[in-house]
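In case you want the letters, here they are:
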Amino acid sequence: YVAFLDMMYHYTRHSGDRLRLAAERATLPELKAFFADLAADEQSHYQLAQADLAAFGRTPSDATPREVSAFHAFWEGIPAERQLAFLGALSVLEGVARHLGGDTRQGLGRLGLDKTRARFLLVHLDVDVEHGARAQALCESLGAHGPEPLLDGARQAADFWVALHRRALAGG
């Protein structure tokens, strides 16, 4: 779990910047507004992971994990004409809580992790349900603009999410 928190620290450290970049590149007004709203919401979430790490007597690692760096590079490489790739990626990443929220809460309980050590997950289990629903609605309404970038973003995010967890399970 500590390795997961470290990965989440690095992944969310620049979430606000990534989402502002998506808002800048978006030409569809609905996407521009969505990304701008999320940027404000997500800006400081890395501090939750940092606080949880501190509760375990740990600090974030200095080096950004390669999986996180690769995802950042993918994100930064999305051009405006493929703006739906941002949405596809967010649909996957923000949609996890809807599918795994109950199991995750039970797992935290079995591990004896209270809210002083699981703030990052507990906050995301709540806010990501709403974010994921908004992303899904936008996918449904905007998908006809060209599904390939949307699907590519979703695939890239899913691959990243699996790689991130494999690394965390291996101990970082």
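Asker: I'd like a description of helix H7 (residues 119–142), backed by residues and values.
Answerer: The terminal C-alpha atoms of H7 lie 33 Å apart, and with 24 residues this matches the ideal 34 Å at 1.5 Å per residue to within 8%. Its maximal kink placed at valine 127, H7 deviates by approximately 35 degrees. All of the buried residues in H7 are Phe120, Leu121, His124, Leu125, Asp128, His131, Gly132, Ala135, Leu138, Cys139 and Leu142.

Asker: Could you give an account of the packing of aromatic side chains, with specific residues and numbers?
Answerer: Given two aromatic rings, one states the distance between the centres and the angle between the planes to describe the pair. In the structure shown here, the tally under the stated rule is 13 aromatic pairs. With a centroid separation of 5.9 Å and 75 degrees between ring planes, the pair formed by phenylalanine 35 and phenylalanine 86 is classed as edge-to-face. In this pair, phenylalanine 35 sits in helix H3 (residues 29–42) while phenylalanine 86 sits in helix H6 (residues 84–110), placing the two residues 51 residues apart along the sequence. According to the relative accessible area criterion, phenylalanine 86 is buried, its value standing at 0%. When the centroid spacing of 4.7 Å and the interplanar angle of 55 degrees are considered together, the rings of tryptophan 75 and phenylalanine 86 count as tilted. Taken together, the residues span a long stretch of sequence, with tryptophan 75 in helix H5 (residues 66–76) and phenylalanine 86 in helix H6 at a distance of 11 residues. Take tryptophan 75: its relative accessible area is 2%, and that puts it in the buried class. Every member of this aromatic cluster is reached through a ring pair, and the members are Tyr11, Phe34, Phe35, Phe71, Phe74, Trp75, Phe86, Phe160 and Trp161. For the cation-ring pair, arginine 117 lies above phenylalanine 56, with the distance from its terminal atom to the ring centre recorded as 4.5 Å.

Reading guide: rules and limits
Residues numbered from 1 in each chain as written. Predicted model: local features only at pLDDT ≥ 70, side-chain atom pairs only at ≥ 80, totals over all residues. Heavy atoms only, no water. Helix = DSSP H or I, 4+ residues; strand = E, 2+ residues; numbered from the N terminus. Expected span 1.5 Å × (residues − 1). Bend = angle between axes of the 7 residues up to and from the residue. Buried < 20%, exposed > 50% of the residue type's maximum accessible area, 1.4 Å probe, protein only. Phe/Tyr/Trp six-rings, centres within 6.5 Å; stacked < 30°, edge-to-face > 60°. Lys NZ or Arg CZ within 6 Å of the ring centre and 35° of its normal.

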